[in-house]
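Here are the chains, one letter per residue:
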Amino acid sequence: MSKDSDIAIIGNAMKEHRRLRRQRFGVPCPKCHMLQPKRDATILMPQQKCKVDGYRDPRPRLTQEQEDNLWKELGFERVNNA
Ligand SMILES: [Zn+2]
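Residues numbered from 1 in each chain as written. Predicted model: local features only at pLDDT ≥ 70, side-chain atom pairs only at ≥ 80, totals over all residues.

Asks: How would you summarise the environment of Gln66 if you had to cite specific residues and measurements?
Replies: Residue placement: Gln66 occurs in helix H3 (residues 64-73). A C-alpha to C-alpha distance of 26 Å links Gln66 and Gly54, two positions 12 residues apart in sequence. (Helix = DSSP H or I, 4+ residues; strand = E, 2+ residues; numbered from the N terminus.)

In structure tokens, the structure reads:
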């Protein structure tokens, strides 16, 4: 039942969510810093592996609550249709 405009809104929201997530939780790869200090380090999310040097970020994955909180910041609330 979505109109094209709704799809565009959802698409933008998901882009915003990704951006906020990265801004909030992304950290520069420490191994990139060591190996190639002049290059911009890869930004890693929790549990993400650096494609350049294979370093894996040791932080636990974001919890559903953390994901939901990001959505809330963007003005979305999780709706339980149970
Ligand atoms: Zn790296």
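Asks: How would you sum up unusual backbone geometry? Please name residues and give values.
Replies: One non-glycine residue, Gln47, adopts positive backbone phi at about 70°. Among the secondary structure elements, Gln47 is positioned in the loop between strand S2 (43-44) and H3.

Asks: Before we move on, can you summarise H3 with the specific residues and values?
Replies: Residues that lie three or four places apart on an α-helix share one face, since the helix turns once every 3.6 residues. For H3, a buried count of one out of 10 residues is recorded, marking the element as mostly open to its surroundings. Gly75 sits one or two residues past H3 and shows a positive phi near 95°. (Buried ≥ 20, exposed ≤ 12 C-beta atoms within 10 Å, placed from the backbone.)

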